[in-house]
Amino acid sequence: MVRSVLSNIQRDLTGGYYGEPPTEEAIVELKRLRAGALEWLERCGDLTPLDDVDAGTKAAFRSWWFDVVQGYQKLGRQVTTHVGQIAEDLGNAINYTIRCMATHDVDAVDDAPLNYVANLVRQNRWTAPTAAEGRRRHFHSAIHQILGYGSSWQDATEAHREDVLLLQIEGDLAFFEWHSDIGGVLHFWIDPDALAQGDFSQVVATYQSD
């Protein structure tokens, strides 16, 4: 979460508001937010993954996060990042943390709040009852995944709802110089019967972007 905030701050310091240089007021506020984020990044470096965090640290982190949100509220229309992005990043961080916990130890998920786990399960399913609604629903709980329901900026998940998702790669600087901002999603699909026969010559790839 801290790295996400730092990434947004750096982009806003260099890019301002859609290409316009940031104002002096915005620069001062962004540097203040960056200093707080760097302090938290240092504090996080002393923590061991999946260790318990004391109540005081939790309260301090919440206070810092709310300060970031309030800071970006003051910066409305002065920077590209909007308050909703900060909240969305937090949701993604929670989802990724739960996934990491499950990867580390299947029983570790029992330590995650049940409502967060249920929300992650709900987001990772194609639940739109109509194609029109489906085109307007974008679930970002998974960037890269194997199997599951997948996500798409357009209609790939609906068009291949009867197929098996072998692999999904979403926009990421680590792959083909994509960036998540472009909404690019690469899928590899296979018919269930072909999969049962081990016939991977029937794999179909789709790539869609917004």
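Numbering of residues starts from 1 in every chain and runs along the sequence as written. Owing to the predicted nature of the model, reporting of local features is limited to residues with pLDDT of at least 70; listing and counting of side-chain atom pairs is limited to 80 or more, with chain, interface and lining totals taken over all residues. Heavy atoms from the whole structure form the basis of all side-chain values; hydrogens and water molecules are not counted.

Novice: Sorry if this is basic, but what is going on with the sheet that holds strand β4 (residues 204-208) here?
Specialist: Adjacent strands of a sheet pair through backbone hydrogen bonds, lying either parallel or antiparallel. Any two strands are treated as partners once DSSP identifies two or more bridges connecting them. Secondary structure elements are taken from DSSP: a helix is a run of H or I of four residues or more, a strand is a run of E of two residues or more, and numbering for both begins at the N terminus. Reading across the sheet, the four strands line up as β1-β2-β3-β4 and stay open at both edges, with antiparallel pairing between neighbours. Edge strands, defined here as strands with exactly one partner in the open sheet, are β1 (144-145) and β4. Direction of pairing for β1 relative to strand β2 (residues 164-170): antiparallel, over a ladder of two bridges. By the bridge assignment, Gln-145 is partnered in β2 with Gln-168.

Novice: Looking at this structure, I do not really get the packing of aromatic side chains. What am I missing?
Specialist: Each aromatic ring pair is described using two quantities: the centre-to-centre distance and the angle formed by the ring planes. Two rings from Phe, Tyr or Trp (for Trp, the six-membered ring) form a pair when their centres are within 6.5 Å of each other. A pair whose planes differ by under 30 degrees is stacked, one over 60 is edge-to-face, and the rest are tilted. Tallying each qualifying case throughout the model produces four aromatic pairs. Between the aromatic rings of Trp-40 and Phe-61, the centroid separation amounts to 5.3 Å while the plane-to-plane angle is 90°, which identifies the pairing as edge-to-face. One end of the pair, Trp-40, is in helix α2 (residues 24-45); the other, Phe-61, is in helix α3 (residues 55-74), and 21 residues separate them in sequence. Per-residue accessibility, obtained with a 1.4 Å probe over protein chains only, is compared with the maximum for each type, and a residue is labelled buried under 20%, exposed over 50%, and partly exposed between these values. Here Phe-61 falls in the partly exposed class, since its relative accessible area comes to 23%. A ring pair is formed by Trp-65 and Phe-66, whose centres lie 5.5 Å apart and whose planes are at 70°; its orientation type is edge-to-face. For Trp-65, a relative accessible area of 12% puts it in the buried group. An aromatic cluster is present here, built from Trp-40, Phe-61 and Trp-64 joined pairwise through their rings. Note that Arg-43 overlies the ring of Trp-40, its terminal NZ or CZ placed 4.2 Å from the centroid. In this analysis the charged atom, NZ for Lys or CZ for Arg, is taken to sit over a ring once it is within 6 Å of the ring centre and within 35 degrees of the ring normal.

Novice: Can you walk me through a negative patch on the surface in this structure?
Specialist: On the surface, Asp-51, Asp-52, Asp-105, Asp-107, Asp-110 and Asp-111 cluster together into a negatively charged patch. As for its position among the elements, Asp-52 is in the loop between α2 and α3. Nonpolar side chains (Val, Leu, Ile, Met, Phe, Trp, Tyr) within 5 Å and like charges within 9 Å form the patches, drawn only from residues with over 30% relative accessible area and no salt bridge. In short, Shrake-Rupley with a 1.4 Å probe defines the accessible areas, and a residue's cover is counted only from the protein chains shown. Each reported salt bridge corresponds to a side-chain nitrogen of Lys or Arg within 4 Å of a carboxyl oxygen of Asp or Glu. Charge counting follows a simple rule: Lys and Arg are positive, Asp and Glu are negative, and His as well as the terminal groups are ignored. Where a charge lies is defined by one atom per residue type, namely NZ (Lys), CZ (Arg), CG (Asp) and CD (Glu).

Novice: For this particular structure, what's the right way to read unusual backbone geometry?
Specialist: Residues other than glycine predominantly adopt negative phi, and peptide bonds predominantly adopt the trans conformation. With phi around 65°, Arg-77 is a residue other than glycine that occupies positive phi space. Mapped onto the elements, Arg-77 comes out in the loop between α3 and α4 (83-104).

Novice: Explain the nonpolar core here, please?
Specialist: Most often, soluble globular proteins have nonpolar side chains that are buried together. Buried Ala, Val, Leu, Ile, Met, Phe, Trp, Tyr and Cys residues that are joined via side-chain atoms within 4.5 Å together make up what is termed a nonpolar core. In this structure, Ile-9, Leu-30, Trp-64, Val-68 and Tyr-72 are the most contacted members of the largest nonpolar core, which totals 18 residues. By the convention used here, residues are in contact when the closest approach between their heavy atoms is within 4.5 Å. Among residues more than four places away in sequence, those in contact with Trp-64 are Val-2, Val-5, Gly-36, Ala-37 and Trp-40. Counting seven residues, the second-largest nonpolar core is a separate cluster that includes Ile-98, Met-101, Val-109 and Ala-112.

Novice: Hey, could you run me through the pattern of salt bridges in this one?
Specialist: Pairing between side chains becomes possible if they bear opposite charge and their charged atoms approach one another. This structure, assessed with the given rule, holds two salt bridges. Glu-29 serves as the salt-bridge partner of Arg-32, at 2.8 Å between the closest nitrogen and oxygen. On the criterion of helical spacing, the pair formed by Arg-32 and Glu-29 is a turn pair, its members being three residues apart in helix α2. Across the pair Asp-67 and Arg-32 runs a salt bridge, and its minimum N-O distance is 3.0 Å. Highlighted residues: Asp-67 in helix α3 and Arg-32 in helix α2, separated in sequence by 35 residues. Note on Asp-67: relative accessible area 26%, which makes it partly exposed. For Arg-32, a relative accessible area of 37% corresponds to the partly exposed category.

All quantities given are derived from atomic positions and should not be read as evidence of function.
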